[in-house]
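Listed here are the chains, written in short residue letters.
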Amino acid sequence: MEDSNEEIEPCRSIGPHELEAVKSQAIIKLSPVQVPAHFKRLECNTNLNLPPLNWLTTSHSSHGLHQALYQNAGFASFRLGQMFPDCVGEVDVVSDAENIKQLLKLPYSAKSAISMVVHKVGNTLLLDEFDIQKYLLRKADDDWKWLRTFILEHILAYGDEQHNFCLKERSREALQSKNLLSKFLYHSLKQTGYTDYDGPTQLTNRRASLPIIGPVLPEPKIDENVPDPKSSHAFNRNVVWTFEDIRMLIGTDMPIFGGPNRPCISLRLRDAAQPINVLTGIDYWLDNLMCNVPEVVMCYHLDGIVQKYEIIKTEDLPYLENSQFSPKVVRNVAQNILAFLKANATKAGHTYWLFKGRNDDVVKLYDLTTLCQSQNKATEKAERPQQQQQQQMNPFTVPVGMLLYSVARNMKNTLEHITPKTAGNIRALLDNCIKLLPKEQYPQIVSSSHYILSDLHIPAGIDPKAPKFNDPQSLFDDDEEEEDDEESYDDELLDFGQDKYYQSAAQSGGKANVAVRHICDALRDFKSHAKPSKPAPLIADTVERCNISLQHISAGISCLQYFNGNQEEKLKESEMHAKQEEKQRILHEEQNPNMAKPFNAIPLPYEQLKLVEPSSTSSTQSQAQPQKKRSIKNKSKRSKSKELATTSSTKPAAVSNHQLSAKFNTQNFGSWNVHLKLLLLEKACLTYATLAEHHYETQSYGSTLQAIELACRCQQVLNKYMANVVSQQSCLLGRAGDCFFQMSKHWNAIEEYVQQYEQLDESTRLISLELTQELEETELLSLAPVKNVEQVMLHSCKCYEEALEDAQSTESNELLRRLGNVRNELGLKYMYSAQEEYSLMKRKAENAQGTEETTNDDEKSKTEPLYVKLTVNSYDCLRRGIEAFTAVQDNVNLAFLYCNMGRFMRLRAHLTMPNESTITLDAQKTFYNEAFNYYEKAKDCLDTRKANAELWDLVQWELSTATFTLAKQLQDFSVADNNSLAEASKEVLELLQKSLRLCDVEHAGARQVLYSFRSGLIHKRIASFHYAQLRGYGVCELSQLPKATLQLCKYHYEKATQILESLKEVRDLMVVQLERISLHEFLAEVSTHAAQKVKQMQLALDICLQCQLIFDHVIDTNSSVQIDDDEFKSHLTLFESRLQNALKTLIKLLLTTGKDPKQLSALYKRMYMETLTGKHGIGAQQSSTASISRSHHLHTLLTRLKAMCGAQPSSD
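Residues numbered from 1 in each chain as written. Predicted model: local features only at pLDDT ≥ 70, side-chain atom pairs only at ≥ 80, totals over all residues. Heavy atoms only, no water.

J.: Describe in detail the sheet that holds strand β11 (residues 305-313), supporting the description with residues and values.
T.: One open sheet accounts for 5 strands, arranged β2-β8-β9-β10-β11; its pairing is mixed. Pairing within the sheet leaves two strands with one partner each, and these edge strands are β2 (37-38) and β11. Bridge analysis of strand β9 (residues 265-271) against strand β10 (residues 295-302) gives 7 bridges, and the strand direction is parallel. When the bridges of β10 are listed, S266 appears paired with V296. Sitting on the sheet, helix α5 (residues 172-187) touches β8 (256-258), β9, β10 and β11, and the angle it makes with β9 is about 135°. In the packing of helix α7 (residues 278-291) onto the sheet, contacts are made with β8, β9 and β10, and the angle to β9 comes to roughly 165°. (Pairing = 2+ DSSP bridges. Helix = DSSP H or I, 4+ residues; strand = E, 2+ residues; numbered from the N terminus. Contact = heavy atoms within 4.5 Å. Axes fitted to C-alpha atoms, helices over the stretch in contact; angles between N-to-C directions.)

What follows is the structure in structure tokens.
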């Protein structure tokens, strides 16, 4: 190759190959050294015993050769897991390459010893070499005493020699051989003169620091990541190696060389006097497979003198003479051991010890965690001091817990969409992390784990009103993947026990190791009754998610008490010290400026002419990453802590998480205590808001108020520490207002609501206690429900008003509508209560004695009556409701409020204030005019009936009622003098006619019958008004009466009779008929001619006979009218007297005039006699008390009278 024109000859001692080759692929994750190193071929007879000039140098130009042979990797799997947390859970094994090779050589190395610790993190196994001599036998007696005792009593007791558990050759020959190989590698390294170093070569898409989508969370300390923090070994290459179907993250230090002709080779030094054995061949073959090296160059020597070179392809290494082995055997061993470990090392967080002594036939797996726990129980029984108990702890517990935390946090932060299966995996990791790490010693990590778990159940950014957690399609896909995994796992277990494995091992020249056979036997027993346990997917409803999230939040808050205050003090001291040093440096520079010396040259700064440009992929990633983070920042409106995390993540990838965390500490709150507390309380605020929405939908209003109260207190604490936090106070208080309002509507269940509010579970109690300590008593918001419906509605208004103070413009309109609605309901409640209170007071006043009235008046003068206060409150609520709906221009609700305000004015018109004896008609007119104005405003808001027919009809009905009521008041109780009587009469008539026009009898509806009845009453009143006018003229002749007034009077009486008769309103119809009879009697009285008098009296008699229909309705069994009262009885008596008077008057008139051609006087005499001699005569009427019986009598009487009159009871 280099420095020689001769081509290295290929090896010729290669046997036949197997037909099927094993599958192998290696992807380099990170390589701190330049790949490959420049290869220099050594001349023949070069003495390797002489060290080269660059031997054991640690510069970058040595390509990591200094650590290839002499560095001890220690517990490398923990460092690899912390470096690549995205791989943990995705690969099957994380380990040092040497450990993997040692396990795969197990069938061919019966005399070798194996001692490894195994840890299960998710679906990944962590394998590390465990040197018993180094970690146990050479340490102090108190270190890991429980494990030392176990090994001495159970392991070493059966071995006769110490080397039974010695893992490495420490003889003089082995050391000399290692030194010779090291010198050979340094000799083979060509010095190119170009020593610039670009830094670690990143060959895969790996971020230098964890992407932080969520908030900043604490990083585990370096001494907590690994069991041996003093060891800082960094592998030359970190590789993801796929061997058949097994994926492994491994670290390797194998030197890789290259040149122009052969760009990638591995270099080996062999003693020409000794053949290559099987173990060495497997070692070379696995090294090349792990690094994707296609060829190996063999350098043969004799006593350190170079003899020759040979080149061998990687696929030819298993078939060299005297060192043949079967790749399938190695593959089967890998699959068997992995399946054996996964089948037995099943408990996450437990430490297992895989041990095989020299010449042992069985590989044993011990659960060290169980041993440690049993030892700790014995320690507790002996009541040993706490320091001794800490020394008995498993040294791997904390590193495993830290790795679980790092992996879970990486999975949570790097995945944009978390499926239920992934969420279940993260939950399992963090649950085990919390179990392993004592919160008293590691409160930061434990509280952060609780926060991530709470965020897992209630993710940031969800809508509390419509939370969406699971994607059904992704859940279906996850189930299919799990079924496929279980099937493939069963197939693997079935294949591992086949006899063909042992045949292939024997055919390849090796011996089927008893230890491997024992593993297969164990698998054969295991496959029949066991399946791999997988974390359950995170599937839960909203309430369960919220409750679990609150449990983790309370657990995280409980960890805050264990934070070390000394760390915060040290941090502040270091900040002060740094500031003082900076001031002193600035002062020194000001006092001692840099001056040029006359005889010294000024050095120029050196800059490289050739700038090293980063790779296109890395630059693209570094540009894409900030854009992604900026988009996240713009999309999510989160707290200041989260904005800080987003901004920090846009910095170059060279900034590590440790630097970011340190910067966060120094620039913001100064402690993780406050930061984590705010994160937990922010999550609690979102959780309680989501829980409140759920309780509101299920009408559990007491639980809703409790959740909103705690959410608001969490928001208060966040506002206390962070100024720019997005407040959700308006939304929360708005929902609280809704809750109070709904409670007022469902007042029967108030006891249940109070009980719901007072119920506190343990997690809520702890969170509430923390909030109480953070806030002062004056700041504590209380939403406790009270057993007073008025106070509950006032609380609703108060919540809405406070929500409006912090609400945005888009939210304020909706809040104003809800506030106006509550004001309207509260105003109506005050109005009805005032009406009831006033009626009650009037009844009490009527029943009171004279002396008692005096004392009551004295008491009233001192204290204002309750109805007055209720009236004022009603007006105030309605007025403020109108203002709210006016602000949002809600015309429909505004019309409704105007209608209610008109109703209030009508009520006010009939209320007598304490300083008034009676309310005057003028005052009533004033209030009624106000009511008319409000009704007209309501109609103006609606414009037409089409806008809202139901509300329009309501306003129309209220306006008609108000107009008719005022007209009745003015007509019945007017005290106007003669001068203003005409104006008052005109006003009454106008009001009655307006009320008649407002009666909507055209549109069918619930009020159509009421409108008809009212129109009949209005016609009656208008007719009575005109009748009163006729009697008021004071004239003595019929011709002098105004004919128009007389015609209107008759017309309205006829309309009233027609309407009331159709509605079967017998009471009012009887009054109308009596007034009509009275009208004709009056006309007969004022008539001058006898014929006119007879005619008017005959018309009165006709009306009397028409009253038979009234008595039909009265005696009708289906009639629901209650007519058995004194007023109706008096009307019946009056009717009978008017009937007799009409007959008697007609008899007198006909006999007086002497003109009786039809002999009507005789008929009228018989009719008059019938009224006197009937079964129920006048005398009987006095003793009768039942209206029904009298109605029967009158009905029978009128029937007889009609029969006597014949077809024409009257004559023209």
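From this point, things continue past the structure.
J.: Run through the nonpolar core, naming residues and quoting values.
T.: Counting residues in each nonpolar core, the largest one holds 121 residues, and the members touching the most others are W353 and M743. The leading source of residues in this core is helix α22 (residues 672-697), at 15 residues. In this structure, A884, W957, A962 and F964 belong to the second largest nonpolar core, which totals 55 residues. (Core = buried A, V, L, I, M, F, W, Y, C linked by side-chain atoms within 4.5 Å. Buried < 20%, exposed > 50% of the residue type's maximum accessible area, 1.4 Å probe, protein only.)

J.: Tell me about the environment of A234, and name the residues and values.
T.: In this fold, A234 is placed in the loop between α6 (222-225) and β6 (237-243). Here A234 falls in the partly exposed class, since its relative accessible area comes to 44%. Counting along the chain gives 202 residues from A234 to P32, while the straight-line C-alpha distance between them is 8.2 Å.

J.: Could you give me a rundown of the packing of aromatic side chains, with the residues and numbers involved?
T.: Applying the stated rule across the entire model yields 16 aromatic pairs. Here a set of aromatic residues connected by ring pairs shows up, and it is made of W241, F243, W285 and F325. Above the plane of the ring of Y300 lies K308, whose end atom (NZ or CZ) is 5.4 Å from the centre. (Phe/Tyr/Trp six-rings, centres within 6.5 Å; stacked < 30°, edge-to-face > 60°. Lys NZ or Arg CZ within 6 Å of the ring centre and 35° of its normal.)

J.: I'd like a rundown of the pattern of salt bridges, residues and numbers included.
T.: In this structure the tally under the stated criterion is 30 salt bridges. Across the salt bridge formed by D455 and K683, the nearest N and O atoms sit 2.4 Å from each other. Of this pair, D455 sits in helix α13 (residues 443-457) while K683 sits in helix α22, and the two are 228 residues apart along the sequence. When its relative accessible area of 3% is taken as the criterion, K683 is described as buried. Linking E801 and R823 is a salt bridge whose minimum nitrogen-to-oxygen distance equals 2.3 Å. Taken together, the positions of E801 in helix α27 (residues 789-806) and R823 in helix α28 (residues 809-847) put the pair 22 residues apart, joining distant regions of the chain. R823 gets classed as buried once you look at its relative accessible area, which sits at 5%. One salt-bridge network, held together by shared partners, links E98, K101, K105, R268, D283 and D287. (Salt bridge = Lys/Arg side-chain N within 4 Å of Asp/Glu carboxyl O.)

J.: How would you sum up empty space enclosed by the protein? Please name residues and give values.
T.: Tallied over the full model, the rule gives 4 cavities of 30 Å³ or more. Within this model, the largest cavity holds a volume of roughly 130 Å³. Contributions of two or more residues to the lining of the largest cavity are made by α2 (97-104), β5 (124-129), β7 (246-252) and α8 (327-344). If you tally residues by element for the lining of the largest cavity, the top one is α8, at 4 residues. Grouping the amino acids of the lining of the largest cavity by side-chain chemistry returns 12 nonpolar, no polar and no charged. (1 Å grid on protein atoms, 1.4 Å probe; cavity = no way out; pocket = protein on both sides within 12 Å on 5 of 7 lines; lining within 4 Å. Points joined across faces, edges and corners; volume = space filled by probe spheres on them. Nonpolar A, V, L, I, M, F, W, Y, C, P; charged D, E, K, R; others polar.)

J.: Could you give an account of the pairing of β5, with specific residues and numbers?
T.: Within β5, 6 of the 6 residues are buried, which leaves it mostly tucked inside the rest of the structure. In β5, alternate side chains face the same way, and those of T124, L126 and D128 on one face and L125, L127 and E129 on the other are all buried. Relative to β5, strand β4 (residues 114-121) runs antiparallel, the two being bridged by 6 bridges. Bridge pairing links H119 to L126 in β5. Counting the residues in the hairpin turn of β4 and β5 gives 2 residues, including G122, whose phi is positive at 65°.

J.: I'd like to hear about α7, residue by residue, with values.
T.: Over its 14 residues, α7 extends 20 Å from the first C-alpha to the last, a length consistent with the 20 Å expected when each residue adds 1.5 Å. Of all 14 residues making up α7, 12 are buried, and the element is well covered by its neighbours. Among all positions in α7, only T280, G281, I282, D283, Y284, W285, L286, D287, N288, L289, M290 and C291 are buried. At the C-terminal side of α7, N292 shows a positive phi close to 55°. (Expected span 1.5 Å × (residues − 1).)

J.: Talk me through the packing of α28 against helix α31 (residues 891-909); I want residue IDs and the actual numbers.
T.: α31 packs onto α28 with a crossing angle of 15° between their chain directions and a minimal axis gap of 11 Å. Judged by the inter-axis angle, α28 sits roughly parallel to α31. For the crossing formed where α28 meets α31, the hand is left-handed. Contact residues: N824, L828, M831, Y832 and Q835 in α28; F896, L897, N900, R903, F904 and L907 in α31. (Parallel < 35°, antiparallel > 145°, perpendicular 65-115°, else oblique. Left-handed = near helix turned anticlockwise from the far one by under 90°.)

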